[in-house]
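Overview (structure and organization)
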Amino acid sequence: MKVYDNVLEMIGNTPLVKVNNIDTGPCDLYLKLELQNPGGSIKDRIAVEMINAAERDGKLKPGDTIIEATAGNTGLGLALVAASKGYPLMIVMPDKMSQEKVNNLRAMGATVKQTRSDVQKGHPEYYQDMAARLAEENGWFYVNQFENPANVEAHYKSTGPEIWQQTNGEIDAFVCGVGSGGTLTGIGRYLREQKSDVDLVLADPAGSILEPLVNRGEHVEAGSWLAEGIGEDFVPKICEIELANKAYAISDKEGMQMARQVLEKEGVMVGSSSGTLIAAAVRYCQDQTEKKQVVTLACDTGNRYLSKLFNDEWMRENNLL
Ligand SMILES: Cc1ncc(COP(=O)(O)O)c(C=O)c1O
């Protein structure tokens, strides 16, 4: 029997499962079940890596308060680490994020401050600017996943190699979104080093600035979208967006309906960002003329969205049904 010494050791080594009952054209599509991490999302991986790096570099000392700007999942990953290592944790989150995430964070002992979702970088109430300011004013350690190289490193060291090994190096395309850019940059860089012609495909919520940038080199104004954790109004510092050689803009309706379909047809309960990723992956698969092996991520658990995408009333109110 395998016994883990603590919950942090259980992070990573997530399974890869084939999509069977959704039309993927001539391709095989696989989901990497990041929702099986103990904190319920892919962000557990970066939480441990970023805290270990900060301790190693002397930026974080016993008793210090940790603060992070997050759509919620990085906060939940950090809450696991903070609980096991005894750091107080402060989370700054845009107010569009699900109440389940807020409740979950508070239950884990984090202090949660919600701020406006309708402002962009540079505004004092933008979640990242607010976290940076609170850190500065109070002498807290701001993790800053958007500029922290340990975010990329976590995926370069673990997620990328796992995908390569699980596919026996036969992967043709990897589809992911960008929130901080950690997954695209870390996994993308690793996969390209193994196989230079692997397709790196960006799944972007319609309204984000990234799809126009990747596909047409266009700089557009950001709109708004409901998918949580992906899509951007700027290119984060750690994000090597040039790695993506193709992008799909996915509407909230298409992404959320795909998340529902994945539960109904495949028995995997994913959140709104994964719905966006899988919708883009399915489109990529259907666009191919020959068989390809395609991998995307089931980034977080759909349990976090019972009041939203799995709630008919909320879906109807937002014209998503
Ligand atoms: C909830 C959530 N946040 C963020 C991301 C994006 O990851 P990253 O911050 O590494 O770009 C994802 C998945 O793609 C996600 O599901």
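What counts as what
- All residue numbers refer to positions counted from 1 along the written sequence of the respective chain.
- The model is predicted, so local features are restricted to residues of pLDDT at least 70 and side-chain atom pairs to those at 80 or more, both for listing and for counting; the totals for chains, interfaces and linings are taken over all residues.
- Side-chain descriptors were evaluated using all non-hydrogen atoms of the structure, hydrogens and water having been removed beforehand.
- UniProt positions are given in the numbering used here, feature names are shortened, and annotations may be inferred rather than shown by experiment.
- In this text, helices come from DSSP runs of H or I with a minimum length of four residues, and strands from runs of E with a minimum of two, each type numbered from the N-terminal end.
- Expected span, for any helix, means 1.5 Å times one less than how many residues it has.
- Think of it this way: the bend at a residue is just the angle between two axes, each fitted to seven residues, one set ending at that residue and the other starting at it.
- Exposed residues in this analysis have more than 50% of their type's maximum accessible area, buried residues have under 20%, and partly exposed residues fall in between, with area computed by a 1.4 Å probe over protein chains only.
- Residues count as neighbours in contact if any of their non-hydrogen atoms are within 4.5 Å of one another.
- The term polar contact refers here to a pair of N or O atoms within 3.5 Å; inside protein, the definition further demands a hydrogen-donor-capable atom paired with an acceptor-capable atom, and it admits residues adjacent in sequence only when both atoms are side-chain atoms.
- Only Phe, Tyr and Trp rings take part, Trp by its six-membered ring, and two of them pair if their centres are within 6.5 Å. Stacked means planes under 30 degrees apart, edge-to-face means over 60, and tilted covers everything else.
- Both a distance and an angle decide whether a charge sits over a ring: NZ of Lys or CZ of Arg must be within 6 Å of the ring centre and within 35 degrees of the ring normal.

For the chain, the name recorded in an unreviewed UniProt entry is Cysteine synthase B, with Idiomarina fontislapidosi as its organism. Turning to the chain, the UniProt annotation filed under Pathway (unreviewed entry) states: "Amino-acid biosynthesis; L-cysteine biosynthesis; L-cysteine from L-serine: step 2/2." Its UniProt record gives the chain the following Sequence similarities (unreviewed entry) comment, quoted word for word: "Belongs to the cysteine synthase/cystathionine beta-synthase family."

All right, on to helix H5 (residues 149-166) then. The end-to-end C-alpha distance of H5, which contains 18 residues, comes to 25 Å, matching closely the 26 Å that a straight helix rising 1.5 Å per residue would cover. The largest bend along H5 measures about 35° and falls at tyrosine 156. Listed in full, the buried residues belonging to H5 are Ala150, Asn151, Val152, Ala154, His155, Thr159, Gly160, Pro161, Glu162, Ile163 and Trp164. Tucked inside the fold, the buried residues of H5 contact strand E2 (28-33), helix H1 (43-56), strand E7 (173-176), helix H6 (182-194) and strand E10 (293-298). The N-cap residue of H5 is asparagine 148: its side-chain oxygen and the backbone nitrogen of alanine 150 are 2.9 Å apart. One or two residues past the end of H5 sits asparagine 168, with phi positive at roughly 50°.

This next bit is on the packing of aromatic side chains. Taken as a whole and assessed by the stated rule, the structure comprises four aromatic pairs. Ring plane angle 85° and centroid distance 6.2 Å describe the contact between tyrosine 127 and phenylalanine 146, whose orientation is recorded as edge-to-face. With tyrosine 127 in helix H4 (residues 127-138) and phenylalanine 146 in the loop between strand E6 (141-142) and H5, this residue pair connects regions lying 19 residues apart in the sequence. Residue tyrosine 127 shares its accessibility class with phenylalanine 146, and that shared class is buried. Above the ring of phenylalanine 234, the side-chain terminus of lysine 121 is found at 4.9 Å from the ring centroid.

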